[in-house]
Structures are given as C-alpha cells and as structure tokens.
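Results of the structural survey
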Amino acid sequence: MAVIIGVMVARKNIVIPAVAATFLTAWAYTGDLVSGFRSVFGASLTAAAELFNIFLIIALVTALLGALKSLGADRRMVEPFRVVMRNGHTAFWVMAAVTYVISLFFWPTPAVPLIGAILLPAAIRAGLPPLQSALAMAIAGQGMALSSDYVMQVAPGLSATAAGVEASVVADRAMVLSLITGGVALVLVYVMNRRHILRPSMTHLQAWEALSTSAAETVQETGAQSLPAGSSVPVAHTAAGPVEMTAAGATVAVAPAPQDGGPGHGGPPGEGAGAGRSRAFAVIVPVVLLAVVGYMLLGKFTGLVPETVGSDAAALVGGVVALLLLAASITKDARGSLEACAEHVVDGLVFSMKAMGIVLPIAGFFFIGNGDFAGRILGLEEGAEAPSFLFELVNAAQGAIPSNAFFMAFALLVIGMITGLDGSGFSGLPLTGSLSGALGPAAGVDPATLAAVGQMGAIWAGGGVLIAWSSLIAVAGFARVSVLDLARKAFLPVMLGLLASTLVAVLIF
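Anyway, here's the lowdown on the structure attached to this text. (Residues numbered from 1 in each chain as written. Predicted model: local features only at pLDDT ≥ 70, side-chain atom pairs only at ≥ 80, totals over all residues. Heavy atoms only, no water.)

What to know about the packing of helix H8 (residues 154-163) against helix H9 (residues 167-193)
- Where H8 contacts H9, the two axes come as close as 8 Å, and the packing angle between them is 125 degrees. With respect to H9, the element H8 is oriented oblique. Seen along the crossing, H8 lies across H9 with a hand that is right-handed. Contacts between H8 and H9 pair Pro 156, Gly 157, Ser 159 and Ala 160 from the former with Ala 167, Val 170 and Ala 171 from the latter.
- When its residues are assigned to classes, the contact of H8 with H9 shows five nonpolar, two polar and no charged. (Axes fitted to C-alpha atoms, helices over the stretch in contact; angles between N-to-C directions. Helix = DSSP H or I, 4+ residues; strand = E, 2+ residues; numbered from the N terminus. Parallel < 35°, antiparallel > 145°, perpendicular 65-115°, else oblique. Left-handed = near helix turned anticlockwise from the far one by under 90°. Contact = heavy atoms within 4.5 Å. Nonpolar A, V, L, I, M, F, W, Y, C, P; charged D, E, K, R; others polar.)

Notes on the side chain of Asn 370
- Note on placement: Asn 370 falls in the loop between helix H15 (359-367) and helix H16 (371-378).
- Residue classification places Asn 370 among the buried residues on the basis of a relative accessible area of 9%.
- A distance of 2.9 Å separates a polar atom in the side chain of Asn 370 from the backbone nitrogen of Asp 372.
- Ignoring anything within four residues of it in the chain, the contact list for Asn 370 reads Thr 161, Ala 162 and Pro 387. (Buried < 20%, exposed > 50% of the residue type's maximum accessible area, 1.4 Å probe, protein only. Polar contact = N/O pair within 3.5 Å; in protein donor to acceptor, adjacent residues only side chain to side chain.)

Focus on the packing of aromatic side chains
- What the rule picks out here adds up to eight aromatic pairs.
- With 5.2 Å between their ring centres and 25 degrees between their planes, Phe 23 and Phe 37 make a pair best called stacked. You can see Phe 23 sitting in helix H2 (residues 15-30) and its partner Phe 37 sitting in helix H3 (residues 33-71), a full 14 residues away along the chain.
- Residue Phe 37 is classed as exposed on the basis of its relative accessible area, which comes to 52%.
- Relative to Phe 389, the ring of Tyr 29 lies with its centre 5.5 Å away and its plane at 80 degrees, an arrangement referred to as edge-to-face. You can see Tyr 29 sitting in helix H2 and its partner Phe 389 sitting in helix H17 (residues 389-396), a full 360 residues away along the chain.
- Relative accessible area serves as the criterion here: at 38%, Tyr 29 is assigned to the partly exposed category.
- Among the residues examined, Phe 389 registers a relative accessible area of 23% and is labelled partly exposed.
- Put simply, the rings of Phe 23, Trp 27 and Phe 37 pair up and form one aromatic cluster. (Phe/Tyr/Trp six-rings, centres within 6.5 Å; stacked < 30°, edge-to-face > 60°.)

Some remarks on empty space enclosed by the protein
- The final tally for this structure, using the stated rule, is three cavities of 30 Å³ or more.
- Forming the boundary of the second largest cavity are Val 61, Phe 105, Phe 106, Val 151, Leu 289, Val 317 and Val 321.
- Elements that contribute at least two residues to the lining of the second largest cavity include exactly helix H5 (88-106) and helix H13 (310-332).
- For the lining of the second largest cavity, the residue count by class is seven nonpolar, no polar and no charged. (1 Å grid on protein atoms, 1.4 Å probe; cavity = no way out; pocket = protein on both sides within 12 Å on 5 of 7 lines; lining within 4 Å. Points joined across faces, edges and corners; volume = space filled by probe spheres on them.)

Brief notes about the pattern of salt bridges
- Inspection of every chain in the model, using the stated rule, returns three salt bridges.
- Across the pair Asp 485 and Arg 488 runs a salt bridge whose closest N-O atoms are separated by 2.5 Å. With a gap of three residues between them, Asp 485 and Arg 488 both fall in helix H22 (residues 483-508), about one helical turn apart.
- The class of Asp 485 is partly exposed, set by a relative accessible area of 34%. (Salt bridge = Lys/Arg side-chain N within 4 Å of Asp/Glu carboxyl O.)

Side note on helix H12 (residues 275-301)
- Over its 27 residues, H12 runs 39 Å from end to end, which matches the ideal 39 Å to within 8%, given 1.5 Å per residue.
- Where H12 is concerned, the buried positions are Ala 275, Ser 278, Phe 281, Ala 282, Val 285, Leu 289, Val 292, Val 293, Met 296 and Gly 299. (Expected span 1.5 Å × (residues − 1).)

Quick notes on the nonpolar core
- One finds Met 95, Phe 106, Val 154, Met 356 and Phe 426 to be the most contacted residues of the largest nonpolar core, which totals 152 residues.
- In terms of residue count, the dominant contributor to this core is H3 (14 residues).
- Setting aside chain neighbours within four positions, we find Met 356 in contact with Ile 54, Phe 55, Ile 58, Trp 107, Val 154, Leu 158 and Phe 426. (Core = buried A, V, L, I, M, F, W, Y, C linked by side-chain atoms within 4.5 Å.)

So, the side chain of Ser 278
- Position of Ser 278 among the secondary structure elements: in helix H12.
- Ser 278 sits in the buried class, given a relative accessible area of 1%.

Comments concerning the packing of helix H19 (residues 429-443) against helix H20 (residues 447-462)
- For the pair H19 and H20, the least separation of the axes is 8 Å and the interaxial angle reads 150 degrees. Our classification of the angle between H19 and H20 gives roughly antiparallel. Two packed elements cross with a definite hand, and for H19 against H20 that hand is right-handed. Across from Leu 429, Thr 432, Ser 436, Gly 437, Leu 439, Gly 440 and Pro 441 in H19, the residues of H20 making contact are Pro 447, Leu 450, Ala 451, Gly 454, Gln 455, Ala 458 and Ile 459.
- Looking at the contact of H19 with H20, its residues break down into eight nonpolar, six polar and no charged.

Shape is all these values report; function is a separate question.
Rendered as structure tokens:
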C-alpha cells in the first residue's frame, strides 16, 4: 500500500504495482506460487463481478446520449438556458447550474462538449471571461456532480463496497458534502473574479473565436505522458474546426460543431423532418429522468412508494435509460433501429471499459484485504476462514493511531487527494473505502462518513478540478484557456470548500 501511494504521488499509473502486490500477497499468505498466479486473475474477476452493474449503467447512459445526438436532441436540451444569460453575472451561475444538472445525469465527460458547444459561447458573449466560464464548468461538473455521483452512484458504490457499508448512506452523505464544497468554491470564485466580468458584447465572442491554442502548447503545459494511452482530448477549436490531442501529442482534426449562425453558435439543428422528434426527446428525456429522481426521493422521505436504494436504484435508472434508448433509436430510424441501437450499446460498453476498466486490477488488490472477498481471490476452500489483511493491519497499529474523529476525517481527505493524483479520481476509492471501514470503528466515526470524505478528496483532485493532468484538460480546451491557470485558480476555493465540508461531516454525521 505504501508503494502504491508513492507511485500515485509520482503521478504514475498504479496498475503494475497493484497486480504485483496482489501476486506477492497471495503467494506470501498461501506459500504456493501457483496460488499467487491464480490470485491475479481471481482478484480482477472478483472486482468485475462486484462492479459490473456500475459498468453497465455507464454504458447505457452513454448509449442513450449517442442516440440523442443522432436526433439532435442533446443540444436542444440545453438551448432554453441561453435566453437567461443576460449578462456575465447570470451567465456564471447558469453555466454552473446547467453543468451540474447535466453532469449529475450523464457525467461530466459528455456534459463538457455539450456545454462547450452551446452555452460557453453564449456566456462569453454575455461578458463572462473564458477562464471564469471554465471554472464554473469544472467546479459544478467535475467537482460537485462527479464527487457525489448521486444518480448513477458509481463512486458511492465503489466506496461503499470497499468500506462494507450501504451505498445509499455513502451517496446521501457525499451529496451533502459535495454541495458544501461546491457551494463554497463557486461563491469564492465568483467573489474573487467578479471584477473581471465585462458588459455584454459581440466583440468578446469574436475575440474568443480568434484564439488558437495549439495542441503542442497544451502538451508542453501538461505533459503528453500524463494522458492515458490511446486517449484523445479536444484541446482547441481552430478555423478549420476542433482538434484533438492524442497520447503521443499528435493532433487530428475532428468535425466542427454544428452552428446555427447565431451569436452563440452550436444551436439546435435546423427545422426539418426530424425537428419535431428532436424537440420531443429534448423534453421527454429530462422529464423522465427527473421523474425517476422524484420517485427515489419519495421512497426515501415518504411512505408513498417503496424506498429504492443501492443496486435497486441503479437497476431502476438503467432500465429507464435502456427503454429511452430503444425509443430514441426507433424514432430516429425505425427500419435501421435494430442495428443503430446495438451500435449505441457497443459504443457505450467500449466507453465504459475505457473509463472504468483500469479500476478492476486496482480494486482487486484492495479487495484481497477485505475478508468478504479474500477467500474467493485466494482460492480458499469453502468454509475456510479468510484473512482480513486491512483490519489486521489496523489492529496491529491501533495503538499508534490517534482515536480522534477530526484527525481521522482530515487524514482520509488527504489520502483521498493523494489517490487522485493519478488523474483518475475513481481508482483510489477502493483504498479510501477500505481504510474507512477499518479505521472508522477505532476512531468512533461511522465508516460511511469517512468513505464519503475520502471520496470527496479523491474525485475533487483526480476527477478533474485540482490537477492539470486530469480531465480538466478537456474543460480548458473547450474554453481555450491554460489548463495550468485553470488548476491554479481553482485550488484555493476548492481546498477551502473541502476543509469546510470535512469539518461539517465530523460535526453533523
């Protein structure tokens, strides 16, 4: 574990040390070299079995977004918000609110290009500078929405599984902490930068469109080695259209965003045969998803409907999303819907594995420290007592661990931020979750609270707000600002927000 944290601090990928640690742990415990080899596969297989529902919900949501894009409904969903951007001050809060809502349902990955194509130009025209626009997007999307992940519950599921607690409890507390962190950060960013907000003018947009941030400059600023192999991130829009930066630092042209000729560009598709269907799904999808959230809230706070939590909540969202996907595919092209729907699902699964596949071998190592999973990974006979390495480690060092709730909470926050240094935000959740389950009882703190605090640290750091070699580069690319400037501007407000939320977590939970 010390080696893995050290590798994270060095900003390197931790798959190799996690796999090696799994092999060495199993070999040392069983004394059998063959069992060590088997455990490497068994650890990833166990993690996959526990986490596949998370992969599936990501795939289905991504597939739905692909179907909506084919209808042109994705951009119509955010189009109404442009009319309320009367000036830079309202534009800041509208950008934050819309980014938060869309990211809560679809994750920031698809939300960033959606907001960047529609609302960002409108916000800049309203007088909100690109850097402040990017800060609003990053804090609300990559920070607030992703750190709670309240709808899809990927992050709470990872944290809760490792901590041995209910995912719904972690999700509820993470939601409160994310709102506190994001609220403090957004207010501070607005107050610190409000003097830079300008009067509405078309010249702001023209000046912004004239910017040409080359991919080579971005590589020099962030380091191409920090991008995952095979990945590509939109980093700039040139006169010929947007470009992408690959892991090798090369740039490739991609199709320019559709424009409606208006001041903000990127408006809804022109009127035609599919305009009515596009408008219909732009209304249906948000309404249905909001209804699902309303149903879950009714179950949580009233007795009108059964409470839907954990895997049941994920199943409900997944089922509704799958049916919306079918409806969108059939509406777009009834004859070709069979093939189109399958293609969207495949694209979603591919994206899901690219986004989350790296978690499996890492989670497998931390699962071997949990007595609930260690037996399966080590290949022990049924009924044999499985070791609980993490809990045994904590018990062995219990005398040296301060049994103080404040110390423990802030320690988990720091550990979470360290795990986020790899630029993922999710790969460290099995570690923070496992430590929460082991350390919580010793300090008299609910493990679910510590897991939520660790989740805040990991995702706010690695999910794309505090470090420049994360998905923050996509936000900077669409806004055409320096990713290093963006990370520096976000650091103090976000850190103060994290400190405030951690303090609240210890006092109220």
